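Here is how the chains run, residue by residue.
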Amino acid sequence: MLDGWFLWFILFWVVVLITLMSIGGFFMFRKFLKALPKADGKSDLDWQNYYLDKTIHLWSEESKALLAELTSPVPELFRQVAKEKIAGKIGEIALEEKSPTITQDLIIRGYIQATPKRDHKFLRKKLDQMKIDVSPYEHLFE
C-alpha cells in the first residue's frame, strides 16, 4: 500500500508531469493554429515565409545586425522564431511600400507591429540603450 512520504512523492510527480505536459501542449497547439490555412488558403507561417523569400535580397549586413541587436533581450530558446516573425512583418511592410532596402525605420516599425503590446516596454528600453529616438513611432505603440 502507498502511505507516508512515498504517497506524497508520487502525487508531487504526478502534478509536476501534468503541469509540464500542459505547458508543452499549449505551445504545440499555438504552433498548430499558426500552420492552419486561412480563408486565402495560406497559413500565417506560409505568409511569413513568402515575405521572407521575397525580401531576402533587401537585407544588408547592417540591417541584419540591427535586428539581431533588437532581439537580443528575447530568451535564446525563442530568439530565432522571434527574428523570423519580425523579419516577415518587416518584409511585408517593405513590399507594401516598395522599399529598395530594409532601413532602420522599417525594422523598428516592423518590430513594433510584429510583437505583442506586453513586449513593447522591452523594445523601448533597448531603443533607449541604443540611443534611438522613439518619438516618431509613438503612434505604433498604442
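A few points on the structure. These figures come from a predicted structure and were not determined experimentally.

Definitions and cut-offs
Residues numbered from 1 in each chain as written. Predicted model: local features only at pLDDT ≥ 70, side-chain atom pairs only at ≥ 80, totals over all residues. Heavy atoms only, no water. Helix = DSSP H or I, 4+ residues; strand = E, 2+ residues; numbered from the N terminus. Rg over C-alpha atoms; globule rule 2.2 N^0.38 Å. Salt bridge = Lys/Arg side-chain N within 4 Å of Asp/Glu carboxyl O. Buried < 20%, exposed > 50% of the residue type's maximum accessible area, 1.4 Å probe, protein only. Core = buried A, V, L, I, M, F, W, Y, C linked by side-chain atoms within 4.5 Å. Contact = heavy atoms within 4.5 Å.

1. Points about the overall build of the protein
Tallying secondary structure elements over the protein gives seven helices and zero strands in all. Along the protein, from the amino end to the carboxyl end, the secondary structure elements read α-α-α-α-α-α-α. Over its C-alpha trace the protein gives a radius of gyration of 20 Å, far above what one expects of a compact globule, namely 14 Å for 142 residues. Seen along its three principal axes, the alpha-carbon backbone of the protein occupies a region of about 75 × 40 × 30 Å.

2. Focus: the pattern of salt bridges
What the rule picks out here adds up to seven salt bridges. A salt bridge links K64 to E61; its shortest N-O distance comes to 3.9 Å. You can see K64 and its partner E61 sitting in helix 3 (residues 61-70), three residues apart, about one turn around the helix. The class for K64 is partly exposed, based on a relative accessible area of 40%. By relative accessible area, E61 is classed as exposed at 58%. R124 is paired through a salt bridge with E138; the nearest N and O atoms lie 3.0 Å apart. On the criterion of sequence distance, the pair formed by R124 in helix 6 (residues 120-129) and E138 in helix 7 (residues 138-141) is long-range, its members being 14 residues apart. Residue R124 is classed as partly exposed on the basis of its relative accessible area of 28%. Three or more residues joined by partner-sharing salt bridges are found here, namely E97, D105 and R109.

3. What to know about the nonpolar core
Judged by nonpolar contacts, the single largest core of 27 residues is most densely connected at I90 and I102. For this core, the secondary-structure elements that each account for two or more residues are helix 3, helix 4 (76-97), helix 5 (104-114), helix 6 and helix 7. Sequence-distant contacts of I90, defined by excluding residues within four places in its chain, comprise W59, L67, I102, L106, I107, G110 and Y111.

4. With respect to unusual backbone geometry
Phi is mostly negative for residues that are not glycine, and the peptide bonds are mostly trans. Unusually for a residue other than glycine, K98 sits at a positive phi of about 55°. Note on placement: K98 falls in the loop between helix 4 and helix 5. We note that K131 has phi near 60°; this positive angle belongs to a residue other than glycine. Inspection of the secondary structure puts K131 in the loop between helix 6 and helix 7. By relative accessible area, which is 75% here, K131 ends up exposed.

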